[in-house]
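Observations on chain architecture
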Amino acid sequence: MAHFERGSNLDPDSGIMPRKKKPPFQFPPEIVAILRRSPNLTLCPKFRRAGIDKVFAHIRNDKCERCLAVWRQLDEESKLIAFLMRSRN
């Protein structure tokens, strides 16, 4: 028979049970599939760490195709993820 100290987490008489570890967060398989198939697009080096308002001004004023492609890809992926989450239920 095991010896338990009063007040320890393993004491069956104390009513305290050991905590279970939470499993790490995992994306649903649909989102993982979308992210794996998406191209690895990046913003212009000058705007990678800039605020969103500066990036939008850059896209609007400079008509940067590279940054515009990133924005279109993010928009397409977010719409597809939203559609899959709605149709899942």
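Before any of the text, the structure's been laid out above.
The present account deals with the structure reproduced in this document. Computed from a predicted model, the values in this text were never measured in an experiment. (Residues numbered from 1 in each chain as written. Predicted model: local features only at pLDDT ≥ 70, side-chain atom pairs only at ≥ 80, totals over all residues. Heavy atoms only, no water.)

Points about the nonpolar core
Just so we agree on the cut-off: Note on terminology: a nonpolar core comprises buried Ala, Val, Leu, Ile, Met, Phe, Trp, Tyr and Cys residues joined through side-chain atoms within 4.5 Å. Three labels apply to residues, based on accessible area from a 1.4 Å probe with only protein chains included: buried if under 20% of the type maximum, exposed if over 50%, partly exposed otherwise in between. To qualify as a helix, a DSSP run of H or I must reach at least 4 residues; to qualify as a strand, a run of E must reach at least 2; elements of each kind are numbered from the N terminus. The contact criterion used throughout is that any non-hydrogen atoms of two residues lie within 4.5 Å.
Ranked by size, the top nonpolar core spans eight residues in total: Leu 43, Cys 44, Phe 47, Val 55, Ile 59, Cys 64, Cys 67 and Val 70. Looking at this core, the elements that each hand over two or more residues are helix H2 (52-62) and helix H3 (65-88). Not counting chain neighbours up to four residues away, the residues in contact with Ile 59 comprise Cys 64, Cys 67, Leu 68 and Trp 71.

Focus on the environment of Arg 66
Tracing the chain through its elements places Arg 66 in helix H3. Taking the C-alpha atoms as reference points, Arg 66 and Cys 44, separated by 22 residues in sequence, lie 6.9 Å from one another. Setting aside residues up to four positions removed in sequence, Arg 66 forms contacts with Thr 42, Leu 43, Cys 44, Pro 45 and Arg 48.

Quick word on a nonpolar patch on the surface
Put simply, the rule is: In this analysis, a patch consists of residues with relative accessible area above 30% that form no salt bridge, clustered at 9 Å for like charges and at 5 Å for the nonpolar side chains Val, Leu, Ile, Met, Phe, Trp and Tyr. Method for areas: the Shrake-Rupley scheme with a 1.4 Å probe, in which residue coverage is limited to the protein chains shown. What makes a salt bridge here is a side-chain nitrogen of Lys or Arg within 4 Å of a carboxyl oxygen of Asp or Glu, nothing more.
Taken together, the side chains of Ile 52, Phe 56, Trp 71 and Leu 74 make up a nonpolar region of the molecular surface, amounting to roughly 380 Å² of accessible area. The set of elements that each furnish at least two residues to the nonpolar patch consists of H2 and H3. Mapped onto the elements of the fold, Phe 56 is located in helix H2. Judged by relative accessible area, Phe 56 falls into the partly exposed class, the value being 30%.

Some words on the state of the cysteines
As a reminder, the rule being used: Two cysteine sulfur atoms form a disulfide, by the criterion used here, when they sit within 2.5 Å.
On inspection of all chains with the given rule, the structure shows zero disulfides. No disulfide involves Cys 44; its nearest neighbouring cysteine sulfur is the one of Cys 64, lying 3.3 Å away. Classification of Cys 44 as buried rests on a relative accessible area of 15%. You can call Cys 64 buried: its relative accessible area is 12%.

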